[in-house]
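# Residue-level structural notes
Residue strings, one per chain:
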Amino acid sequence: MLNRSKSLSVYVSRLILGRHHLLQLFHSKSSSGRRRHNLRDDEDNDKIRFQKTKEHQEEGYIRLLKSRGQHILTNPRVLDTIVRKSVIKPRDTVLEIGPGTGNLTLRLLQACEKVIAVEIDKRMVEILRSRAAESGLEDRLTVICSDALKIEFPRFDLVVANIPYGISSPLVAKLVFGMNQFRSATLLFQKEFARRLLANPGDSEFNRLAVNVKLVADVEFIMDVSKRDFLPCPKVDSSVVKIWPKAQVPDVDLHEWWAFTRTCFGKKNKTLGATFKQKKKVMELYHLSGKSVCNDENIGSWRHKGKFSHVEVDGDGASDEGGCSSFSCSGVEMSLFREKIVWVLQSNGFEDKRPSKLSNEELLHLLSSFNQAGICFNDHKRTRDANNAILATS
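Just so it is clear, the structure is predicted and the values come from calculations on it, not from any experiment.

### Description of the overall build of the protein chain
Counting secondary structure elements, the protein chain contains 13 helices and 13 strands. Among the 394 residues that make up the protein chain, the fraction classed as buried is 45%. Considering only intrachain contacts with a sequence separation of at least 6, the fraction spanning at least 24 residues in the protein chain is 68%. When the accessible area of the protein chain is evaluated, it comes to approximately 20,800 Å², of which 49% is carbon and sulfur surface.

### Notes on the sheet that holds strand β11 (residues 217-225)
Ordered in space as β8-β7-β6-β9-β10-β13-β11, the seven strands form an open sheet in which the pairing is mixed. The open sheet is flanked by β8 (141-144) and β11, the only strands paired with a single partner. Looking at each pair of strands side by side, their axes are set apart by 20° on average, direction ignored. By the bridge criterion, four bridges tie strand β7 (residues 114-118) to β8 in an arrangement that is parallel. Within β8, the residue paired with V118 across the bridge is I144.

### A look at the nonpolar core
Core analysis: the largest hydrophobic core is formed by 59 residues, its most contacted members being F153, I243, F260, F276 and F370. Sorting elements by how many residues they give to this core places helix α6 (residues 208-216) first, with six residues. Apart from residues no more than four positions distant in its own chain, F153 is found in contact with L95, I97, V118, A148, L171, K174, L175 and N180. Grouped together as the second largest cluster of nonpolar side chains are 28 residues, V94, C112, L141 and I222 included.

### A short note on the pattern of salt bridges
Side chains bearing opposite charge may pair, as long as their charged atoms lie close to each other. What the rule picks out here adds up to 10 salt bridges. Between E351 and K277 there is a salt bridge whose closest N-O contact spans 2.7 Å. Here E351, found in the loop between α11 (329-347) and α12 (360-372), pairs with K277, found in the loop between α8 (272-276) and α9 (279-289); they are 74 residues apart in sequence, far enough to count as distant. Residue classification places K277 among the partly exposed residues on the basis of a relative accessible area of 29%. Of the charged contacts in the structure, one is a salt bridge between K353 and E362, with a shortest N-O distance of 3.9 Å.

### Let's talk about the UniProt feature "binding site: S-adenosyl-L-methionine" (unreviewed entry) in the protein chain
The positions that UniProt labels "binding site: S-adenosyl-L-methionine" (unreviewed entry) are, in the present scheme, H71, L73, G98, E119, D147 and N162. With respect to the secondary-structure elements, L73 resides in strand β5 (residues 72-73). Dropping the residues within four chain positions of it, L73 is found in contact with V78, L79, I82, N103, N162, L188, V225, D229 and F230. Turning to its location among the elements, E119 is positioned in the loop between β7 and α3 (122-134). Contacts of E119, omitting those with residues within four sequence positions, involve Q70, G98, P99, G100, M124, V125, I144, C145 and S146.

### With respect to the packing of aromatic side chains
For the structure shown, the criterion picks out 12 aromatic pairs. Where F177 meets W258, the ring centres are 5.1 Å apart and the plane angle is 85°; that geometry is what we call edge-to-face. Here F177, found in helix α4 (residues 168-177), pairs with W258, found in helix α7 (residues 254-264); they are 81 residues apart in sequence, far enough to count as distant. In this structure W258 comes out as partly exposed when scored by relative accessible area, which is 22%. Aromatic side chains F260 and F377 sit 5.1 Å apart centroid to centroid with 75° between the ring planes, which places their arrangement in the edge-to-face category. Residue F260 is found in helix α7, and its partner F377 is found in the loop between α12 and α13 (380-393); the two are separated by 117 residues along the sequence. Using a relative accessible area of 0% as the deciding quantity, one classes F260 as buried.

### With respect to the side chain of T275
Looking at where T275 falls in the secondary structure, it is placed in helix α8. A residue is classified by how much of its surface remains accessible, and T275, at 5% relative accessible area, is buried. Among residues more than four places away in sequence, those in contact with T275 are T263, K270 and K281.

Rules of the game
- Residues numbered from 1 in each chain as written.
- Predicted model: local features only at pLDDT ≥ 70, side-chain atom pairs only at ≥ 80, totals over all residues.
- Heavy atoms only, no water.
- Helix = DSSP H or I, 4+ residues; strand = E, 2+ residues; numbered from the N terminus.
- Buried < 20%, exposed > 50% of the residue type's maximum accessible area, 1.4 Å probe, protein only.
- Contact = heavy atoms within 4.5 Å.
- Areas by Shrake-Rupley, 256 points an atom, 1.4 Å probe, with all protein chains shown as cover.
- Pairing = 2+ DSSP bridges.
- Axes fitted to C-alpha atoms, helices over the stretch in contact; angles between N-to-C directions.
- Core = buried A, V, L, I, M, F, W, Y, C linked by side-chain atoms within 4.5 Å.
- Salt bridge = Lys/Arg side-chain N within 4 Å of Asp/Glu carboxyl O.
- UniProt positions renumbered as here; feature names shortened; annotations may be inferred.
- Phe/Tyr/Trp six-rings, centres within 6.5 Å; stacked < 30°, edge-to-face > 60°.

What follows is the structure, encoded as structure tokens:
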């Protein structure tokens, strides 16, 4: 963290709009007429100002849009550390998302063979290309002016980026669950998001994000970054995190896994027994599983004497003696299906456990036990129809 005197005038060189366009932040003049550092903020956005030059006789502003999470990282020490920790090889192609004015991009261009920069803001694209040309590195830079969440990435070896905060979660999911194979991703996130991503079972921040990402990748903390290292200054600090895709991943249906973790972590500190015994959840899983248990064979196999005598069954209060004649058939099916869910939880020792305390290995075991019992969490028909629709348009 850098110590900065409030009276020190901070000039941010290399935030350039063409040759010799030094961008500065201005404060109100003091009695001596000196300009002071300030993080300008108006109602709609922040803006950074560039000075008059021989080529441009008028001063102007580049407005940094809050809606796009535009905060420029300016601390050279942090920028150099990010590049060093990325372990870039001379022949690598690096993907950078949200390059902004190119402070990180220029360092990446010097370290690798090619940088693919994905930037949605056309104004930033112009600045980026101008700076690369000034440095004689334009041949190594490919700029894609588009939304990173809506395009297919070309081939790359590494990801190194200061991620716009608003797209952190979907972008991480796109990288780790996408088709592109890469060695690692060194990413700058909002500190709170990074802590959630790094959390382990038992931590207060442990959540579905960490569970899903760590199914297919390893995550390492690199360093914290002060909010004062950005222009304009955001409200929170940031952290650098490194993600490595795992060489071996569990053999599990990802759509089924995502739906399962959504159910478990909807109330992560609630016991699994309490979550899965809810009538609404039983009905949902019953319809998703698409299997009927209302027949003589199933009734006999799931109604062994004493096995479910202690389970409270939701119903209309009628006795279940006499089988289907005392219930509507769907009522018996729902009761038996609920007993099946509870049996899976009890037989595997998960009824009183909480998702926030479970490892991925334990969650995978529980999901496998549910699936083997014919209990599903994903709407496979909807997934199949969606995949067919994608194939039909490709």
